[in-house]
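Read off the chains here:
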Amino acid sequence: AVVSTQSTGKNCEWFFKNTYKDFMKKNFELSRRLLCVICAARVKAGSNDLEFILLAIDRLFSLELPLGYGRLQVGNIDSVQACLHFKVDDEEPMIAVNPILLCINSPVIKSLVTDQHQNILEADDFSRAAVECFAEACYTGKPETVTVDNFQDVFKMSHAFKVDWLKKKCELFFSNYVDTKFNQSCNYDDFVFAVDLALFQMEKLKEGSFLSLIISAASSNILPSTRTKYIQQYLGDFETQSTCKIDICIALIRSDVCLILESLIQHLQNPEVKCLNEKSRYLLNKLDLSVCFRKKPELRKVLFSALRNLTEVDREDFRLILELCERLSETLGS
């Protein structure tokens, strides 16, 4: 009766203010479905806003959900019931989700729905499997469908939508993964998966907990020769890598940092290289050259020979080389 009237919004407002809360206590699922049907009918009628559900959502936040309610929503949301969708790809159907449970879990989604009146959330940065896993986790309170394949996107979503409990669960998943995979038989793909996640956490979230876990596990459980081989392969051409990726490799390689210096020297010895560039300067500043020279004294002569042969050294390069000489003079005593 409420849906079929011409003045749907006015009747809904009266219903939510006067009877909806008591009605929900008696039959939560029926009242939720009524809310979704009203929403779908209003949208179908051409409404461009979601004002008719805002008051209802406020009422929902003040109630305790029935035990097991969220689990009933897994795989049970259709386009008629839902008034919130994730848009993953223009060529694929949108993912219908329960707005009540997602708003309860995420303050970001709650603001998008109740303050900005959005009913379609763009999710093209995430895989479809990750979005479905994220929604199911919000329904059940457990990330039961998190896998290696969808983990990174689920972790990104937990951060983007500020679902703090899910972010902590993802961090636990990562910790268990590193404990399981980082051993003497660790393969390169498992190593890269973990290091890429640490790189994402450092670059995007400005956090280093993943890297700390990896450093501890790699130094304790992976053979030094294997670790060095993997890092060399992962770093590749340092000229094309971000400074954050370089930092991670330096931290992981530990006492074998001479290998990175050797890569720098090889680059500087290229006849086409006439001066220092941004990445070369960064490495010269970042590497502890005194450690390298103590371990491999011959590298000192080779490095300065390569620097001497640069033909287009500007004032900035000269100042950096002078600072290197001063630092080495202090640490090596010569």
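Just so we're clear, the structure is a prediction, and the values are computed from it rather than from any experiment.

(A) Inspection of the sheet that holds strand β3 (residues 120–122) at higher detail. As summarised here, the arrangement of the three strands in space is β2-β1-β3, forming an open sheet in which the pairing is mixed. Either end of the sheet is taken by a strand with one partner, and the two such strands are β2 (95–97) and β3. With direction set aside, neighbouring strand axes in the sheet form an average angle of 30°. In terms of strand pairing, strand β1 (residues 84–87) meets β2 through three bridges, oriented antiparallel. From the neighbouring strand, His-85 faces β2, where its bridge partner is Ala-96. Of the strands in this sheet, β1 and β2 touch helix α8 (residues 128–140), which is tilted by about 10° from β2.

(B) Representation of a negative patch on the surface. On the surface, Asp-89, Glu-91, Glu-122, Asp-124 and Asp-125 cluster together into a negatively charged patch. Inspection of the secondary structure puts Glu-122 in strand β3. For Glu-122, a relative accessible area of 51% puts it in the exposed group.

(C) Main features of helix α14 (residues 243–253). In terms of residue burial, α14 counts as a mostly covered element, since eight of its eleven residues are buried. Listed in full, the buried residues belonging to α14 are Cys-244, Lys-245, Ile-246, Ile-248, Cys-249, Ile-250, Leu-252 and Ile-253. Where α14 is buried, its residues meet α11 (188–205), α12 (209–221), α13 (224–235), α15 (258–268) and α16 (278–286). One or two steps after α14, the chain reaches Arg-254, where phi turns positive at roughly 55°.

(D) Structural context of the environment of Lys-168. With respect to the element layout, Lys-168 can be found in helix α10 (residues 164–181). Each C-alpha atom of the pair Lys-168 and Phe-155 lies 9.2 Å from the other, and the pair is 13 residues apart in sequence.

(E) Up close: a nonpolar patch on the surface. On the surface, a cluster of nonpolar side chains totalling about 280 Å² of accessible area is made up of Val-313, Phe-318 and Leu-322. Assignment of secondary structure puts Leu-322 in helix α19 (residues 315–332).

(F) Structural view of the pairing of β1. Where β1 meets β3, three bridges bridge the pair, whose relative direction is parallel. From the neighbouring strand, Phe-86 faces β3, where its bridge partner is Leu-121.

(G) Here's a closer look at the packing of aromatic side chains. Counted by the stated rule, this structure contains 13 aromatic pairs. Ring plane angle 55° and centroid distance 6.4 Å describe the contact between Phe-151 and Phe-193, whose orientation is recorded as tilted. Residue Phe-151 is found in helix α9 (residues 151–160), and its partner Phe-193 is found in helix α11; the two are separated by 42 residues along the sequence. Overall, Phe-193 belongs to the buried group, its relative accessible area being 16%. Taking the centre distance of 5.3 Å and the plane angle of 35° together, the rings of Phe-155 and Phe-210 count as tilted. Of the two residues, Phe-155 is situated in helix α9 and Phe-210 in helix α12; the sequence distance between them amounts to 55 residues. Both residues of the pair, Phe-155 and Phe-210, belong to the buried class. The rings of Phe-151, Phe-155, Phe-173, Phe-174, Tyr-177, Phe-193, Phe-200 and Phe-210 are connected pair by pair, giving a single aromatic cluster. The positively charged end of Lys-245 is found above the aromatic ring belonging to Tyr-234, 4.2 Å away from the centroid.

Reading the values: rules and limits
- Residues numbered from 1 in each chain as written.
- Predicted model: local features only at pLDDT ≥ 70, side-chain atom pairs only at ≥ 80, totals over all residues.
- Heavy atoms only, no water.
- Pairing = 2+ DSSP bridges.
- Helix = DSSP H or I, 4+ residues; strand = E, 2+ residues; numbered from the N terminus.
- Axes fitted to C-alpha atoms, helices over the stretch in contact; angles between N-to-C directions.
- Contact = heavy atoms within 4.5 Å.
- Patch = residues over 30% accessible without salt bridge, like charges linked within 9 Å, V, L, I, M, F, W, Y side chains within 5 Å.
- Areas by Shrake-Rupley, 256 points an atom, 1.4 Å probe, with all protein chains shown as cover.
- Salt bridge = Lys/Arg side-chain N within 4 Å of Asp/Glu carboxyl O.
- Lys, Arg positive; Asp, Glu negative; His and termini not counted.
- Charge placed at Lys NZ, Arg CZ, Asp CG, Glu CD.
- Buried < 20%, exposed > 50% of the residue type's maximum accessible area, 1.4 Å probe, protein only.
- Phe/Tyr/Trp six-rings, centres within 6.5 Å; stacked < 30°, edge-to-face > 60°.
- Lys NZ or Arg CZ within 6 Å of the ring centre and 35° of its normal.

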